[in-house]
Amino acid sequence: GLGFDRMDMNGVLGGAPGYNDRVPQFRRFKSCSVIFDDRYAPVLISIWEGRADLEAAQWHDRVNEEATRRVIAGGSKVASISDASHSERPPPEVRKHWADSMSTVSPQVRENTLATYVVMTSATMRGVMTAIGWLSEEARRIATVGTLPEAIDAVLAKLDEAGIARPAGLTAQGYRPP
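Rules behind the numbers
Residues numbered from 1 in each chain as written. Predicted model: local features only at pLDDT ≥ 70, side-chain atom pairs only at ≥ 80, totals over all residues. Heavy atoms only, no water. Axes fitted to C-alpha atoms, helices over the stretch in contact; angles between N-to-C directions. Helix = DSSP H or I, 4+ residues; strand = E, 2+ residues; numbered from the N terminus. Parallel < 35°, antiparallel > 145°, perpendicular 65-115°, else oblique. Left-handed = near helix turned anticlockwise from the far one by under 90°. Contact = heavy atoms within 4.5 Å. Nonpolar A, V, L, I, M, F, W, Y, C, P; charged D, E, K, R; others polar. Pairing = 2+ DSSP bridges. Core = buried A, V, L, I, M, F, W, Y, C linked by side-chain atoms within 4.5 Å. Buried < 20%, exposed > 50% of the residue type's maximum accessible area, 1.4 Å probe, protein only. Salt bridge = Lys/Arg side-chain N within 4 Å of Asp/Glu carboxyl O. Right-handed = clockwise from strand over helix to strand, strands pointing away. Phe/Tyr/Trp six-rings, centres within 6.5 Å; stacked < 30°, edge-to-face > 60°.

Trainee: How would you sum up the packing of helix H1 (residues 54-73) against helix H2 (residues 92-103)? Please name residues and give values.
Mentor: With their axes 9 Å apart at the nearest point, H1 and H2 run at an angle of 25° to one another. Here H1 is positioned roughly parallel relative to H2, judged by the angle of their axes. In the crossing of H1 with H2, the sense of the turn from one axis to the other is right-handed. Between H1, through Leu-54, Ala-57, Gln-58 and Asp-61, and H2, the contact on the second element is made entirely by Glu-93, Val-94, His-97, Trp-98 and Ser-101. Residue composition of the contact of H1 with H2, by class: four nonpolar, three polar and two charged.

Here is the structure:
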């Protein structure tokens, strides 16, 4: 696993030396676990393990929206990474929820989202996402990569291109899930 067993009773990871004031959030659901890591804002990293259910997807949407709005309010654009490499294919109701969510993103969030990357180990699933992008403008805004380090490198390059300072301590080789 990803260390999900190191959580406290409230589902919040304990602080460690070097952590800033942001504390990653963790939640266990019926069939999956999710870590939402905003320690490196404006880069927001989500890590999924297991099979996502609707409750997990809705929780993630809420915490991601809150963190995104905090980053925007602080005067920056946001970049998101969702690591699905430890997850199973979600059921149809979750896929529908995510498709519906993409079409209802607020203009403020859309305009201030620099990049969105999804980590998928399956080349077939990355191809499916590319094909969906041919049909949906919102899906085209999501890039897929095969590993979390690839996603981090890509996000850091996007920050550089936009003239946004890289978050202290975030590197592709050095990132460890909390």
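So much for the structure itself; the text now carries on.
Trainee: Lay out the sheet that holds strand S1 (residues 25-28) in plain terms, naming residues and giving numbers.
Mentor: Hydrogen bonds along the backbone pair up the strands of a sheet, which may run parallel or antiparallel. Reading across from one edge, S1-S2-S3-S4-S5-S6 is the order of the six strands in this open sheet, with mixed pairing throughout. Whereas interior strands pair on both sides, the edge strands pair on one side only; in this sheet they are S1 and strand S6 (142-145). Between one strand and the next, the sheet's axes are offset by a mean angle of 15°, whatever the strand orientation. Bridge count for strand S2 (residues 32-37) against strand S3 (residues 43-51) is six bridges, and the pairing is antiparallel. Residue Val-34 lies in a different strand from S3, and its bridge partner there is Trp-48. Along the sheet, H1 contacts S1, S2, S3 and strand S4 (78-88); its crossing angle with S2, the most-contacted strand, is approximately 0°. Contacting S3, S4, strand S5 (113-119) and S6, helix H6 (residues 148-162) runs over the sheet at an angle of about 170° to S5.

Trainee: Describe in detail the nonpolar core, supporting the description with residues and values.
Mentor: In terms of nonpolar packing, the biggest core is built from 23 residues, with Ile-45, Ile-81, Tyr-117, Ile-152, Leu-170 and Tyr-175 touching the most fellow members. Take this core: its biggest share by element is seven residues, from H6. Aside from chain neighbours lying at most four places away, what touches Ile-45 is Ile-35, Phe-36, Asp-37, Ile-81, Leu-148, Leu-170 and Tyr-175. Ranked by size, the runner-up nonpolar core spans 16 residues in total, among them Phe-29, Val-34, Val-71 and Val-78.

Trainee: So what's going on with the pattern of salt bridges? Residues and values would help.
Mentor: The full count for this structure, using the stated rule, is five salt bridges. Asp-37 serves as the salt-bridge partner of Arg-39, at 2.7 Å between the closest nitrogen and oxygen. Grouping residues by exposure puts Arg-39 and Asp-37 together as buried. As a salt-bridge pair, Asp-160 and Arg-166 come within 2.6 Å of each other at their nearest N and O atoms. Residue Asp-160 is classed as partly exposed on the basis of its relative accessible area, which comes to 42%. With relative accessibility at 45%, the residue Arg-166 sits in the partly exposed group.

Trainee: Provide a residue-level description of the environment of Gly-169, including the pertinent values.
Mentor: As for its position among the elements, Gly-169 is in the segment after H6. Under the relative-accessibility criterion, Gly-169 is labelled exposed at 57%. C-alpha of Gly-169 to C-alpha of Tyr-40: the two residues are 129 residues apart in sequence and 7.8 Å apart in space.

Trainee: Tell me about the pairing of S4, residues and numbers included.
Mentor: In this structure, S3 lies alongside S4, joined through eight bridges in parallel fashion. Across the sheet, residue Gly-50 finds its bridge partner in S4, namely Ser-87. Since S3 and S4 lie parallel, the crossover through H1 that links them has a hand, and here it is right-handed.

Trainee: Report on the packing of aromatic side chains, specifying residues and quantitative values.
Mentor: Here the structure, examined in full by the defined rule, presents three aromatic pairs. Between Phe-29 and Trp-59, the aromatic rings sit 5.8 Å apart at their centres with planes inclined by 55°, giving tilted as the arrangement. Here Trp-59 lies in helix H1 and Phe-29 lies in the loop between S1 and S2, a separation of 30 residues in the sequence. Comparing Phe-29 with Trp-59, the two get one shared label, buried. Centroid distance Trp-48 to Trp-98: 5.6 Å. Interplanar angle 85°. Geometry classified as edge-to-face. With Trp-48 in strand S3 and Trp-98 in helix H2, this residue pair connects regions lying 50 residues apart in the sequence. On the basis of relative accessibility, which here comes to 5%, the residue Trp-48 falls in the buried class.

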